[in-house]
Amino acid sequence: MTHFPDTPSFTGFNTPSRIEADIADLDVKGAVPVELDGAFYRVQPDPQFAPRLGDDIAFNGDGMITMFRFHGGRVDFRQRWAKTDKWRLEHDAGHALFGAYRNPLTDDDSVKGRIRGTANTNAFVYGGKLYALKEDSPALVMDPATLETEGYTWFNGAMTGQTFTAHPKVDPATGDMIAFGYAAKGVLTRDMTYYVVSPDGELKQELWFELPYYAMMHDFAITPDYALFHVVPSTSNWERLEKGMPHFGFDTTLPVYLGVLPRRADATAEDIRWFRRDNCFASHVMNAFQDGTRIHFDTPEAKNNMFPFFPDIHGAPFNPMEAASFLTRWTVDMASNSDTFESVERLTGMMGEFPRIDDRRTGLPYRYGWLLVIDPAKPVELKGGSAGGMIMNTLGLIDHETGREQKWWCGPVSSLQEPCFIPRGPGAAEGDGWIVQVCNRLEEHRSDLLLFDALDIEKGPIAEVRIPIRLRFGLHGNWATAEEIGLAEAA
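Summarised in this report is the structure supplied together with it. Computed from a predicted model, the values in this text were never measured in an experiment. (Residues numbered from 1 in each chain as written. Predicted model: local features only at pLDDT ≥ 70, side-chain atom pairs only at ≥ 80, totals over all residues. Heavy atoms only, no water.)

**Regarding the pattern of salt bridges**
For step 1, the next point in the chain: Counted according to the given criterion, the structure contains 38 salt bridges.
For step 2, the next point in the chain: With a closest N to O distance of 2.9 Å, K86 and E90 form a salt bridge. Of the two residues, K86 and E90 are both situated in helix α1 (residues 85-93); the distance of 4 residues between them amounts to about one turn of the helix.
For step 3, the next point in the chain: What makes E90 buried here is its relative accessible area of 2%.
For step 4, the next point in the chain: Salt bridges sharing partners connect three or more residues here, namely R441, E444, R446, D448, E464 and R466. (Salt bridge = Lys/Arg side-chain N within 4 Å of Asp/Glu carboxyl O. Helix = DSSP H or I, 4+ residues; strand = E, 2+ residues; numbered from the N terminus. Buried < 20%, exposed > 50% of the residue type's maximum accessible area, 1.4 Å probe, protein only.)

Here's what the structure looks like:
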């Protein structure tokens with residue numbers, strides 16, 4: 001019998017929902033533009049069974065994919081499990097078999113050596129396939145129209161690494177998917193792989209190299225000439241796993257690196273140049289771009305660890321004041337003879353994370369960026385519980401050209417999930433389109449899908465799509481057109 005623990009990861013708004021559903025023509029307040037034809041995909045960790053060890057962090061839940069299908073001014077809802085090997089093994093057993101987050105030492109003997117991935121971090125459409133992604137395993141392929149799971153892919157057997165990032169990028173010039181995998185030879189290894197995948201699923205390049213130390217490599221960036229890897233000391237070792245400690249801990253004694261890999265077909269590990277700076281925390285990347293020999297890398301940066309569930313590796317208590325992150329530009333010069341950063345510049349006074357851009361500007365100079373903002377000036381009433389460890393209560397917009405910022409506050413008893421930009425059309429100017437994101441109605445234990453004019457967010461949503469069920473706090477999501485998911489004829 002399944003019984004979830006009475007802990008923050010499994011109660012309040014984080015109570016597991018485990019709902020697969022189809023709902024046609026959701027209730028809408030406002031108006032959905034009739035020209036919107038496609039789907040917004042997002043994913044949430046949602047455990048199929050109570051944790052094997054009695055408690056766990058919310059990030060270890062099984063992937064549940066949500067699809068919002070926009071067509072003719074209407075929005076339909078579909079939600080399905082990402083049926084990983086883990087999900088199927090536990091489904092057949094009727095209970096949890098895999099143990100703590102990223103710790104294979106805590107698994108049942110019957111699943112030793114099996115893929116532990118949960119496919120719970122990103123939902124990414126590319127080449128007519130839906131990729132459900134978790135960075136400790138290969139990419140899981142699903143049908144973007146039906147959400148039926150096809151299975152893990154090694155790209156026709158060409159991929160030799162064991163892992164695939166949750167944050168691939170699409171090169172706007174070539175159309176290729178650029179990706180990587182860390183711990184590519186197994187748990188805790190320093191080995192990394194760099195991948196280039198064509199739209200038809202051909203693995204065009206796989207390059208192996210090593211990190212300066214083992215670290216959570218959650219995101220990265222590209223420019224036309226380079227792939228950029230920021231190494232931040234959320235790190236681990238076998239001693240931690242053997243003691244049953246959280247997989248990752250933050251080490252304030254280690255430096256931060258930015259690895260710059262030339263994006264040439266003949267590049268080797270020896271071609272990577274490592275730049276070094278003092279300790280800080282950074283995870284997601286807004287964008288990167290080249291300016292002559294200089295490379296700019298824009299990421300929310302905090303003085304110290306942002307994740308209280310991955311504690312300080314030396315035992316220091318979590319400090320919320322040092323966990324505040326601000327969008328920051330790291331600049332390195334490939335013409336220099338130094339391994340130090342040229343400059344580190346804060347770009348905004350808005351405190352936040354989960355940065356997004358108009359993805360057509362990936363790796364290029366760009367003007368607009370959106371992010372989830374923590375606005376401490378606004379009141380917060382945690383009625384119904386919190387959907388996450390940080391209260392992301394505001395949507396923010398930065399105009400890098402003029403410096404103008406916009407904000408929209410969701411209210412005292414709501415919080416927001418990651419925004420996603422939808423272009424008005426393939427030829428639309430940068431930022432011309434909409435922002436879509438889930439809003440957690442904490443007191444009501446339900447969710448709304450909000451739609452904004454992307455460059456005028458401060459006026460509030462133009463449409464609120466009422467979801468009659470509660471969506472747990474999700475991580476990442478993306479938009480795909482009807483043509484990209486094979487639904488253009490059925491629109």
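Still to come is the rest of the account.
**Topic: α1**
For step 1, the next point in the chain: Every buried residue of α1 is listed here: K86, W87 and E90. Along the axis of α1, the buried positions cluster into a sector of 95 degrees, meaning they face one direction only.
For step 2, the next point in the chain: Against the buried residues of α1 lie β5 (74-81).
For step 3, the next point in the chain: Count one or two residues on from α1 and you reach G94, which has phi positive near 85 degrees. (Arc of directions from axis to C-beta. Contact = heavy atoms within 4.5 Å.)

**Remarks on a nonpolar patch on the surface**
For step 1, the next point in the chain: A cluster of nonpolar side chains, contributed by L105, V187 and W238, occupies part of the molecular surface with about 260 Å² of accessible area.
For step 2, the next point in the chain: Here L105 is to be found in the loop between α1 and β6 (122-126). (Patch = residues over 30% accessible without salt bridge, like charges linked within 9 Å, V, L, I, M, F, W, Y side chains within 5 Å. Areas by Shrake-Rupley, 256 points an atom, 1.4 Å probe, with all protein chains shown as cover.)

**Comments concerning the sheet that holds β6**
For step 1, the next point in the chain: One open sheet accounts for 4 strands, arranged β6-β7-β8-β9; its pairing is antiparallel. With one partner strand each, in any of the chains shown, β6 and β9 (149-153) form the two edges of the open sheet. Here the average twist between neighbouring strands, direction ignored, is 30 degrees.
For step 2, the next point in the chain: With 4 bridges joining them, strand β8 (residues 139-142) and β9 adopt antiparallel strand pairing. Bridge assignment links L140 to a residue of β9, and that residue is Y152. (Pairing = 2+ DSSP bridges. Axes fitted to C-alpha atoms, helices over the stretch in contact; angles between N-to-C directions.)

**Observations concerning the sheet that holds strand β13 (residues 203-210)**
For step 1, the next point in the chain: Overall, antiparallel pairing links the 4 strands, which are arranged β10-β11-β12-β13 in an open sheet. The outermost strands of the open sheet, each flanked by one partner alone, are β10 (169-170) and β13.
For step 2, the next point in the chain: When β10 meets strand β11 (residues 177-182), the two strands line up antiparallel, connected through 2 bridges. Looking at β11, one finds that K169 is bridged to I178.

**So, the nonpolar core**
What tends to happen in soluble globular proteins is that the nonpolar side chains get buried as a cluster.
For step 1, the next point in the chain: Judged by nonpolar contacts, the single largest core of 52 residues is most densely connected at Y182, Y194, L228 and F229.
For step 2, the next point in the chain: Aside from chain neighbours lying at most four places away, what touches Y182 is R102, E135, T163, D191, M192, Y214, A215, M216, M217 and F248.
For step 3, the next point in the chain: Counting residues in hydrophobic clusters, the runner-up holds 22 residues, among them I422, L449, L471 and W479. (Core = buried A, V, L, I, M, F, W, Y, C linked by side-chain atoms within 4.5 Å.)

**Overview of the environment of A82**
For step 1, the next point in the chain: Residue placement: A82 occurs in the loop between β5 and α1.
For step 2, the next point in the chain: A relative accessible area of 1% means that A82 is categorised as buried.
For step 3, the next point in the chain: For the pair formed by A82 and G151, sequence separation is 69 residues and the distance between their alpha carbons is 9.1 Å.
For step 4, the next point in the chain: Every residue in contact with A82, bar those within four places of it in the chain, is listed here: G63, I65, W87, A119, A132, L140, M142 and T149.

**Quick word on the pairing of strand β33 (residues 477-481)**
For step 1, the next point in the chain: Of all 5 residues making up β33, 4 are buried, and the element is well covered by its neighbours.
For step 2, the next point in the chain: For strand β3 (residues 38-45) and β33, the ladder comprises 5 bridges, and the chain directions are antiparallel. Within β33, the position partnered with R42 by the bridge is G477.

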